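Now for the letters of each chain:
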Amino acid sequence: MALKYTEEQLNSLDRETLTRLFLSQQEQLENIDHTLQLVLEQMADLKRHRFGRSSEKHEAEGQVSFMEVDGKIVFFNESEAAAAEERTEEPEDISRTRPKKKQGKREEDLDGIPVVVVEHSMTDDELEDKFGKEGWKQLPDEVYRRYSFTPAKIEVEEHHVKVYAGKETEEVIKAPHPQALLRGSLVSPSLEAAVMNAKYVNAVPLYRQEQEFERCGLHISRQNMANWTIQCADRYLAVLYDHLHEKLYGYHVLQADETPVLVNKDGRPAGSKSYMCYVLSF
């Protein structure tokens, strides 16, 4: 801790003592300034690691920064000061060439996508007005390609199952038809697959899916989507759960990510702390 002197104490000291005291204080200030600059540099580096991109360079063009040279903090403009050092390190015979664009990249991207031809033509009357009667000939078409995107298409599948009965018997049969995913429910395999994909693959919450369906004119509540997903998981994915459960016992190391959740059922008191475990096996 630095000593504090009053004005009377300083007046009572001789010149030699004052000189030594001043030099000591000056040395302490230099050490404090050096330590402060190192702390600022560490904080800036931590911010870059935490908030910056992983591939982001520390040296920003045109930004005033600092570095430690021979134990001292030196402020400089990196775009100018670092240029001389880079020239001494890099050989002069290295040629910098831009990477060549891959040939046929567009054709490769379009390969396998269905093509819909949209023709644009002029009528014979328009051509005669421009060139006169039979004064024109047709050349090869100019072709422009554009991606076409069609938003989600909503339809109602109304299954009419034919029913037959024997004239001489009481036997009644129905035409073959696909079974319902959930009996008495409007959900179809394609709709439930879209809900699961959006939630568990694209991380879209059910309330956002509800809003998106509303914009498409389809009124599906998040409660219905949650019930569909739970019932379908119990009915059709339980076999997969059991298989994974058996596989877990075959590993010698298990790791679990315990996430605290609030549970108001299962006989637990209100506000009790429960966990949702995501188990990873190796």
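Whatever comes next refers back to the structure up there.
Everything numeric here is computed off the predicted structure, so don't read it as measured data.

Here we take up the overall build of the protein chain. Looking only at helices and strands, one finds 9 helices and 6 strands in the protein chain. Taking all 282 residues of the protein chain together, 11% fall into the buried category. Put simply, 34% of the contacts in the protein chain that link residues at least 6 apart link residues at least 24 apart. Carbon together with sulfur atoms contributes 53% to the accessible area of the protein chain, which is approximately 26600 Å² in total.

What follows is about the packing of helix H7 (residues 206–215) against helix H8 (residues 222–236). It is at 9 Å that the axes of H7 and H8 come closest, and there the two elements cross at 120°. When the interaxial angle is binned, H7 and H8 end up oblique. As for how H7 packs across H8, the hand of that crossing is right-handed. Two secondary-structure elements touch here, H7 through Leu 206, Tyr 207, Gln 209, Glu 210 and Phe 213 and H8 through Arg 222, Met 225 and Ala 226. A breakdown of the residues in the contact of H7 with H8 according to their chemical character gives 5 nonpolar, 1 polar and 2 charged.

One can describe the packing of helix H6 (residues 189–201) onto H7 by two numbers: an axis separation of 10 Å at closest approach and a directional angle of 130°. Comparing the axis directions of H6 and H7 gives the class oblique. Relative to H7, H6 is oriented so that their crossing is right-handed. When H6 is examined against H7, the residues Leu 191, Ala 194, Val 195, Ala 198 and Lys 199 are found in contact with a partner set consisting of Leu 206, Gln 209 and Phe 213.

Our next topic: the packing of aromatic side chains. Scanning all chains against the criterion turns up 0 aromatic pairs. Above the ring of Tyr 200, the side-chain terminus of Lys 199 is found at 5.5 Å from the ring centroid.

What follows is about the pattern of salt bridges. One pass over the structure, following the stated rule, counts 6 salt bridges. Ionic pairing is found between Glu 16 and Arg 20, a salt bridge with its closest N-O pair at 3.1 Å. In this pair, Glu 16 and Arg 20 both sit in helix H2 (residues 15–51), 4 residues apart, roughly one turn of the helix. In this structure, the salt-bridge partner of Glu 212 is Arg 215, at a minimum N-O distance of 2.7 Å. Of this pair, Glu 212 and Arg 215 are both found in helix H7, 3 residues apart, which corresponds to roughly one turn of the helix. The exposure class assigned to Glu 212 is partly exposed, which follows from its relative accessible area of 41%.

This part is about the environment of Thr 229. Note on placement: Thr 229 falls in helix H8. Judged by relative accessible area, Thr 229 falls into the buried class, the value being 9%. As for Thr 229 and Val 195, which are separated by 34 residues in sequence, their C-alpha atoms are 8.1 Å apart. With residues near it in sequence (within four places) discarded, Thr 229 still touches Glu 192, Val 195, Met 196 and Tyr 200. Separated by 3.0 Å, the side chains of Thr 229 and Glu 192 make a polar contact.

Take a nonpolar patch on the surface next. Together, Leu 36, Val 39, Leu 40 and Met 43 make up a nonpolar patch on the protein surface, roughly 330 Å² of accessible area in all. Tracing the backbone through its elements, the reader meets Leu 36 in helix H2. A residue is classified by how much of its surface remains accessible, and Leu 36, at 46% relative accessible area, is partly exposed.

Grouped burial of nonpolar side chains is what soluble globular proteins tend to show. Residues Leu 181, Leu 182, Val 187, Leu 191, Val 195, Leu 206, Phe 213, Ile 220, Met 225, Trp 228 and Cys 232 constitute the largest nonpolar core, which totals 11 residues. Ranked by residues supplied to this core, first place goes to H8 with 3 residues.

Our next topic: the environment of His 219. Tracing the backbone shows His 219 in the loop between H7 and H8. Within the local environment of His 219, its side chain forms a polar contact with the side chain of Glu 214, the two groups lying 2.9 Å apart.

What counts, and where the lines are drawn
Residues numbered from 1 in each chain as written. Predicted model: local features only at pLDDT ≥ 70, side-chain atom pairs only at ≥ 80, totals over all residues. Heavy atoms only, no water. Helix = DSSP H or I, 4+ residues; strand = E, 2+ residues; numbered from the N terminus. Buried < 20%, exposed > 50% of the residue type's maximum accessible area, 1.4 Å probe, protein only. Contact = heavy atoms within 4.5 Å. Areas by Shrake-Rupley, 256 points an atom, 1.4 Å probe, with all protein chains shown as cover. Axes fitted to C-alpha atoms, helices over the stretch in contact; angles between N-to-C directions. Parallel < 35°, antiparallel > 145°, perpendicular 65-115°, else oblique. Left-handed = near helix turned anticlockwise from the far one by under 90°. Nonpolar A, V, L, I, M, F, W, Y, C, P; charged D, E, K, R; others polar. Phe/Tyr/Trp six-rings, centres within 6.5 Å; stacked < 30°, edge-to-face > 60°. Lys NZ or Arg CZ within 6 Å of the ring centre and 35° of its normal. Salt bridge = Lys/Arg side-chain N within 4 Å of Asp/Glu carboxyl O. Polar contact = N/O pair within 3.5 Å; in protein donor to acceptor, adjacent residues only side chain to side chain. Patch = residues over 30% accessible without salt bridge, like charges linked within 9 Å, V, L, I, M, F, W, Y side chains within 5 Å. Core = buried A, V, L, I, M, F, W, Y, C linked by side-chain atoms within 4.5 Å.

Such coordinate-based values are descriptive only and should not be taken to indicate function.
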